[in-house]
Amino acid sequence: MIEIYTLSDPGYAKRSFSKKKLFGTLFKMACCCLFLMLPALAKAQTVVNGTVKDKDGPIMGATVTEKGAKNSTTTDLNGKFKITVKSSSGILVVSYIGYKTQEISSGSADGSTITLQEDLNKLNEVVVVGYGSVKKSDLTGSVSSVKASELNLRGTTSNLAQAIQGKAAGVMVQQSSFAPGGTISITIRGGNSINTSNAPLYVVDGFISDNGNQINPNDVEDIQILKDASATAIYGSRGGNGVVLITTKKGKIGSTVVEADLSNGQQYLTYHPSLLNGQQYTDIQNATAVEDGKPPIFPSNYPLANTNWLKAATQNATVQNRNLSISSADKGSKIYVSGNYLKQLGVLKNTSLERYTARIGAEKTLNENLKLSANFYGASGNSTLQSYSGDITPPLFGLLTAQPNIPVYNPDGTYYVYQGKNNALATLLEPTNKSGSKLMNGNVSLDYILFKGLTYHLGAGSEYSQVTAGQYTPRTLVAGKANGGIASEQMSTAFRWLVENYLTYKYKIKDHDFTLLVGNSNQKDVAESLGAGAKGFPTDVFLYYNLSAGSTVNGYSSGKSESSLTDYYGRLNYAYKDKILATFTLRDDASSKFGSNFRHGIFPSGAVAYKFGDEDFIKNLNTFSNLKARVSYGVTGNDRINNYQYLSTFGNYSTVLSPGGALQVGIEPSTLANPNLKWESTAQFDAGLDMGFANDRINVTIDVYRKKTSDLLLNLPIGQWWGFNTQLVNAGAIENRGIELSVNTNNIRSNGFSWNTSFNIAYNKQKALDLGGIKTISSNTANPSGTVSGREFSRLQVGQELGELYGYVYAGVLKTGETYAPQPNSKPGDPKYVDVNADGKITPDDQKYLGNSNPHYTMGFGNDFHYKGFDLNVFIQGAFGYKLFNMNRLVLESTTSTDALNRFVAGKNENTDIPREGYFLSTYGGYVNSRFVENASYARLKSVSLGYNFPSSLFQRIKIVQGIRIYGEAQNLLTVTGYKGTDPEVNVHTGNTAGGLDFNAFPAFRTFAFGVKVSVH
């Protein structure tokens, strides 16, 4: 029995219950309570339905979360969401990238439409930096960001460098060849090196790749270009030329989306030199011969043709670009799969590029502490190409200088041959010159939160590339006929593996925020090469695919090299009240490329920044919505040299030991050891100012920098008693100074219409401070004619810039009856040169600097317009303050150009600056002169694109279609320049000290492309 006292009874009456009766009573009471609580429980599990949109329509993939709880969802294709919340009085947080986050009560959200406003403040964007990421507002270094929507895509864009040209201040992109897949270079804040590469380091999804610029630009989510030492020092010995960080696309939350982007384009030649016709050429050649006291070259009954060889060799070419991607994601997984096909025919016949690429990017969050990522990329390409080496060997030289008074073909269809020389068109169409490339890389990573604030990252990846090339010269050409066909083939491979380990610890003490990063990196590279050749084939059918069919071996070679790199690095980020920011970095690199005495290199950097925008005295100005000052200093390096340069290496050597004896094969030293060899070292100071106006609708960034590269890797002359002419040593220094300005504005934001503008301009001035005791470093042109050899056209001295053009100052043509003392033996019609040093004669000492071939100013100016479904992008790119040596014009002026019609003719045409017989026969001066050094400054309407997005209401019945966009784009539409050569971007002469040569470059072209983009789900 159980005794219970009840308060309702007088005197607290005591009652007795049996256990059975008591439990029955309690059960009934519990049921009653549960019944009474059901409405409250139902109310606590409220289901909220709503729609999320912006000014243009529904937003798919917006995140809706109950504040203070873990439950969340995302909006569907129509912007609708459904979420079960614990309480109708709770708060829903609605967010989407690029929009301001909104909070709304659960009760108000149910059945309503939530309209998000665009977030014009880009300072909250997260940007990738080396081994981590930070908010843009917290950057202490100089970093330029380029989003996927800002890239130059479609048309003939096959290279990442093309996609970012003009998009970032201080980043100079030069398309030195317009050939399909041609050479494009990127230089950040001026070149640092003389004998080594000035290309930046590429990091794709955390993997350091030598082929980062070759990825499919359509796969790129964003690009961060690290420019100052504070940003690049984390990469130590390889950060001296700047770093390009590429993040590829991953899936976005929402239903699976398939996008197909298909475009076709036409390319039209823009280089149209004015050439002589057959009769004009004949008349000039005959007249010149008679003036020289010789009989006419072509008799009166010569069967004249009228051939435009350049027209016969060029075409209106086509380009096809096909891109397919699949994107999918949920709260724990992301995946992105893409494939691209690009086929481009060159405007020069028998040139082409065909390339296939594929990419897979995936992320998986296994739990709150563990995330896995994987990226895989593959590419395969084939090119049909020609030589553009800047001398008389490429086919373009023969086409431009070929006699227009002879035909292309004989009546039977065979090539017409004049005086035993190759037919100019045959040199383009007949040789086989193909190149194939394969690239595969992949990396996986793991991020694990060990405990609150401490994260461990493990990344591992590898890359394999293979390049094959084959050439065959058939019997239809003179050399092929003489040798029974000439074939050769080469193959080179490169393999890299890379492992990264680092810990990131975040800690906060009151107003002090600390982020500490420590890590280790290990990398190994292996390269191999193989080549062979043969001649004397029974048929041309084999091309280069059956070298054993040749009767004579025509050279062979093979090689292998390895290098390794072990690094330790650390970085500390500090913030005080989110106002004072500081970053300190230190890296220790150990490379097998350098001698035992200097195998390790230490690369430190430091940066501080102050956010003035939150200070009252700034707020009271009512001018700035954001204001931050930055200062940084650090040291980075450059290790771009061949392996084993610090060792004494050996090469093959063959000789005959006795008269009539057999050839003896042996080895000999090929380089002199230098155990003190080490990295080039670049110390850089940067001061920057980031400003925002009008609630961040106007954002301005200014940077001023000075960087000095010391211990240059130079080949210096040494005494002959060593048995070598030069030795690679650390000597010399180069300085770059510059200023950069970037402006981004949101000009108009109204219902249905928006207009954004981006503008950047940069200035860089370079100077050689020390050349290790060398007085001058000279570079010669290639052979411009069959009668002369290459001549000096570029010279580097202390106090001068890289790429300085050097030659004689042209003074016109010697007139009849005129005497010119410095050239006593010149005849009327000969070229005349200025006696610069006033010694009374024309000698090599009269040469002077004629201008620099590296642009001092680079500029980009873009405007984006959106009106309802229409979008228009207009992008202008330019470079200013530089010159080029127009060697094409030099050669054409005395051969096949219509300029020859205005040549000097005694007594008939003396009011001219064009010599009677060109520049090659003169005993004074030289063909490298100021007449052909032209101002190459230009502003180019780089691209204009117009598109239309069909309204989503059209696809309500076709549920599978998400959107359709059609567009048209023109590339290189208009160029404003005074330059008369192939193109103001052209530079066919390689080497850091010798730029600015325009000779036999691939012809420039204009592209018009049209396409459609379809999205389905």
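Residues numbered from 1 in each chain as written. Predicted model: local features only at pLDDT ≥ 70, side-chain atom pairs only at ≥ 80, totals over all residues. Heavy atoms only, no water.

(A) A look at the overall build of the protein chain. Along the backbone of the protein chain there are 11 helices and 54 strands. Once the C-alpha set of the protein chain is aligned to its principal axes, its extents read approximately 150 × 70 × 65 Å. In the protein chain, buried positions account for 48% of the 1017 residues. Expressed as a percentage of contacts within the protein chain between residues at least 6 apart in sequence, the contacts between residues at least 24 apart total 68%. Working note: accessible area of the protein chain is about 46,700 Å², and carbon and sulfur atoms make up 57% of it. (Helix = DSSP H or I, 4+ residues; strand = E, 2+ residues; numbered from the N terminus. Buried < 20%, exposed > 50% of the residue type's maximum accessible area, 1.4 Å probe, protein only. Contact = heavy atoms within 4.5 Å. Areas by Shrake-Rupley, 256 points an atom, 1.4 Å probe, with all protein chains shown as cover.)

(B) Fine view of the pattern of salt bridges. What the rule picks out here adds up to 39 salt bridges. In this structure, Arg-496 and Asp-525 form a salt bridge, with 2.6 Å as the shortest nitrogen-oxygen distance. Taken as a pair, Arg-496 in strand S27 (residues 486–509) and Asp-525 in strand S28 (residues 512–535) lie far apart in primary sequence, 29 residues in all. Connected via shared salt-bridge partners are Arg-189, Lys-227, Lys-628, Arg-630, Asp-686, Asp-690, Asp-703 and Glu-740. (Salt bridge = Lys/Arg side-chain N within 4 Å of Asp/Glu carboxyl O.)

(C) Structural detail: the packing of aromatic side chains. Summed over the entire model, instances satisfying the criterion amount to 32 aromatic pairs. Centre to centre, the rings of Tyr-131 and Tyr-569 are 4.4 Å apart; their planes meet at 15°, and the pair counts as stacked. A residue pair is termed long-range when its members are at least 10 positions apart, and Tyr-131 in the loop between strand S11 (126–129) and strand S12 (132–135) and Tyr-569 in strand S29 (residues 552–576) qualify at 438 residues. On the accessibility criterion, Tyr-131 (10% relative accessible area) is buried. Here Phe-624 and Phe-693 contribute two aromatic rings whose centre-to-centre distance is 5.2 Å and whose plane-to-plane angle is 35°, an arrangement assigned as tilted. With Phe-624 in strand S32 (residues 624–638) and Phe-693 in strand S35 (residues 680–693), this residue pair connects regions lying 69 residues apart in the sequence. In this structure Phe-624 comes out as partly exposed when scored by relative accessible area, which is 24%. Through a chain of ring-to-ring contacts, three or more aromatic side chains come together here, namely Tyr-808, Tyr-810, Tyr-833, Tyr-919 and Phe-932. The ring of Phe-875 has Lys-167 lying over it, and the distance from NZ or CZ to the ring centre is 3.8 Å. (Phe/Tyr/Trp six-rings, centres within 6.5 Å; stacked < 30°, edge-to-face > 60°. Lys NZ or Arg CZ within 6 Å of the ring centre and 35° of its normal.)

(D) The arrangement of the pairing of S35 in detail. The sheet contact formed by S32 and S35 spans 14 bridges and is antiparallel. Within S35, the position partnered with Asn-638 by the bridge is Glu-680. (Pairing = 2+ DSSP bridges.)

(E) Here's a closer look at the environment of Tyr-202. Within the secondary structure, Tyr-202 sits in strand S16 (residues 201–204). The class of Tyr-202 is buried, set by a relative accessible area of 8%. Through-space distance from the C-alpha of Tyr-202 to that of Val-874 is 28 Å; in sequence the pair is 672 residues apart.

(F) Region of the structure containing the sheet that holds strand S49 (residues 883–886). A sheet is described by the order of its strands in space; here 3 strands give the open sequence S50-S49-S53, paired in mixed fashion. The open sheet has two free edges, formed respectively by strand S50 (933–935) and strand S53 (997–998), since each of these has just one partner strand.

(G) Up close: the pairing of S29. Examined bridge by bridge, S28 and S29 share 23 bridges and lie antiparallel to one another. Looking across to S29, one finds that Asp-513 is bridged to Ala-575. What sits between S29 and strand S30 (residues 580–591) in their antiparallel hairpin is a turn of 3 residues, with Lys-577 showing a positive phi close to 55°.

(H) Focus on the nonpolar core. Judged by nonpolar contacts, the single largest core of 32 residues is most densely connected at Trp-309, Leu-348, Leu-399 and Leu-425. If you list the elements that add at least two residues to this core, you get helix H5 (278–291), helix H6 (309–313), helix H7 (395–401) and helix H8 (424–429). Not counting the four nearest positions on each side in its chain, Leu-425 is found in contact with Trp-309, Ala-312, Ala-313, Leu-399, Val-408 and Tyr-409. The next biggest cluster of nonpolar side chains, apart from the first, holds 26 residues, and it includes Leu-805, Leu-850, Phe-885 and Val-933. (Core = buried A, V, L, I, M, F, W, Y, C linked by side-chain atoms within 4.5 Å.)

(I) Structural view of the sheet that holds strand S19 (residues 243–248). Taken together, 5 strands build an open sheet; the order of strands is S13-S18-S19-S16-S17 and the sheet is mixed. For this open sheet the edge positions go to strand S13 (143–147) and strand S17 (207–209), each flanked by a neighbour on one side alone. Pairwise comparison of adjacent strand axes, ignoring direction, gives a mean angle of 25° for this sheet. The pairing of S13 with strand S18 (residues 220–226) spans 5 bridges and is antiparallel. Of the residues in S18, the one forming a bridge with Val-146 is Ile-223. (Axes fitted to C-alpha atoms, helices over the stretch in contact; angles between N-to-C directions.)

(J) Spotlight on H5. The terminal C-alpha atoms of H5, which comprises 14 residues, lie 20 Å apart, in line with the 20 Å expected from a rise of 1.5 Å per residue. When H5 is considered as a whole, its buried residues turn out to be Gly-278, Tyr-281, Thr-282, Ile-284, Asn-286, Thr-288 and Ala-289. For H5, the side-chain oxygen to backbone nitrogen distance between the N-cap and Gln-279 is 3.2 Å, and the N-cap itself is Asn-277. Just downstream of H5 lies Gly-293, where phi reads positive at about 80°. (Expected span 1.5 Å × (residues − 1). Polar contact = N/O pair within 3.5 Å; in protein donor to acceptor, adjacent residues only side chain to side chain.)

(K) Quick peek at a nonpolar patch on the surface. On the surface, a cluster of nonpolar side chains totalling about 840 Å² of accessible area is made up of Tyr-448, Leu-450, Phe-451, Leu-503, Tyr-505, Tyr-507, Ile-509, Phe-514, Leu-516 and Val-518. Counting only elements with at least two residues in the nonpolar patch, the list comes to strand S25 (432–451), S27 and S28. By the element assignment, Leu-516 lies in strand S28. In this structure Leu-516 comes out as partly exposed when scored by relative accessible area, which is 41%. (Patch = residues over 30% accessible without salt bridge, like charges linked within 9 Å, V, L, I, M, F, W, Y side chains within 5 Å.)

(L) Molecular detail of the confidence of the model for the protein chain. Here the protein chain averages 88 in pLDDT, while 93% of its residues score no lower than 70. Predicted confidence is poor over residues 1–17, with pLDDT under 50, and the contacts of this stretch with residues over four places away or in other chains come to 24 contacts. Confidence drops under a pLDDT of 50 for residues 29–43, and excluding neighbours within four residues, the segment shows 3 contacts in the predicted structure. (pLDDT = per-residue confidence, 0-100.)

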